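Results of the structural survey
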Amino acid sequence: MNQLDTKESLLNHKKIIANNRFLHLVHKNFYIKIASYITQKPVVEIGSGPGFIKEIIRNAITTDVIKAPGIDKIAFAEKLPFRDKSIGSIVMLNVFHHIKNPTKALQEFERCLKPNGKIVMVEPWPTLWSKFIYQNFHHEDFNVDGNWRINGKGRMSDANGALPWIIFERDINKFKKLFPSLNIQKVELHTPFKYLVSGNLSKPQLLPVSFYPLVDSFEKIIFPLNKYLALFATIVISKKK
């Protein structure tokens, strides 16, 4: 097993996020963004890992494929342990691009969601800047020519960062044909620099946390350039009645 896929790695990532206050604020901002789109409960988080969604959405149900502190249920996206039409919102933070069979996972999301329920995720997204960063300075695969499957079984080690773009933009007609009851409401591009400045989970923090408001303000000023610079997108999908 790859070290990245172990419980020890999850716990180490949890510690890094807690100690790296800049990174913690980046993740907190992601969770706040996700929460702003939620209209129904219960909320189920897929791939909760080292996250802290309950700081923002108190009654969220956390899931992951391995047992660890803070995980309420063991669950694979492709086979969720929830009844039909029982979930108000399904949320993910940097998880969808790790799902090995996203077609089956989307079928499960569709099955479990209540009418008008939502899928809300923050995921990597290809832009001129992000492709340069992800393809040269990140350990995960970022293949815009990839298909709808992820090779391998690693919880963290196997992924394609371009997968959300492939399904929800490049192959949008295929998505609409396979999932007519799911409607992509919004794709919001954001966060060109804060994530890099934080050092993420594997690199040193580049600026003290006191600089976070300055970097955040700069990103808001250059918002019109996000189609070229953004590293991430918030994707909002609703289930029709």
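Provided above is the structure to which this section pertains.
In this report, we go over the structure that sits alongside the text.

Moving on, we come to the environment of Asp141. Its location among the elements puts Asp141 in the loop between α4 (128-137) and α5 (163-170). On the accessibility criterion, Asp141 (43% relative accessible area) is partly exposed. The residues contacting Asp141, other than those within four sequence positions of it, are Ala159, Asn160 and Gly161.

Turning our attention to the nonpolar core. If you look at the biggest cluster of nonpolar residues, it comprises 65 residues, and the most contacted ones within it are Ile46, Met92, Phe96, Phe109, Phe168 and Phe175. With six residues, the top contributor of residues to this core is helix α2 (residues 21-35). Residue contacts for Phe109: discarding those within four places in its chain leaves Ile46, Ala77, Leu80, Ile90, Met92, Phe96, Ile99 and Ile119.

On to the environment of Val187, then. Mapped onto the elements of the fold, Val187 is located in strand β6 (residues 182-190). The spacing of Val187 and Ala77 is 110 residues in sequence and 21 Å in space, taken between C-alpha atoms. Apart from residues no more than four positions distant in its own chain, Val187 is found in contact with Trp125, Ala233, Thr234 and Ile235.

Another aspect to go through is the pattern of salt bridges. Oppositely charged side chains can form a pair if their charged atoms are brought close together. Considering all chains together, one arrives at nine salt bridges under this definition. In this structure, Asp72 and Lys54 form a salt bridge, with 2.8 Å as the shortest nitrogen-oxygen distance. In this pair, Asp72 is assigned in the loop between β2 (61-64) and β3 (73-74) and Lys54 in the loop between β1 (43-45) and β2, connecting sequence segments 18 residues apart. The partly exposed category is assigned to Asp72, whose relative accessible area is 41%. A relative accessible area of 36% means that Lys54 is categorised as partly exposed. The partner of Glu108 in a salt bridge is Arg111, and the shortest N-O contact between them spans 2.8 Å. Of this pair, Glu108 and Arg111 both sit in helix α3 (residues 102-112), three residues apart, which is roughly one turn of the helix. Judged by its relative accessible area of 13%, Glu108 falls in the buried class. One connected set of salt bridges, linked through shared partners, spans Lys194, Asp216, Glu219 and Lys220.

Rules used in this analysis
Residues numbered from 1 in each chain as written. Predicted model: local features only at pLDDT ≥ 70, side-chain atom pairs only at ≥ 80, totals over all residues. Heavy atoms only, no water. Helix = DSSP H or I, 4+ residues; strand = E, 2+ residues; numbered from the N terminus. Buried < 20%, exposed > 50% of the residue type's maximum accessible area, 1.4 Å probe, protein only. Contact = heavy atoms within 4.5 Å. Core = buried A, V, L, I, M, F, W, Y, C linked by side-chain atoms within 4.5 Å. Salt bridge = Lys/Arg side-chain N within 4 Å of Asp/Glu carboxyl O.

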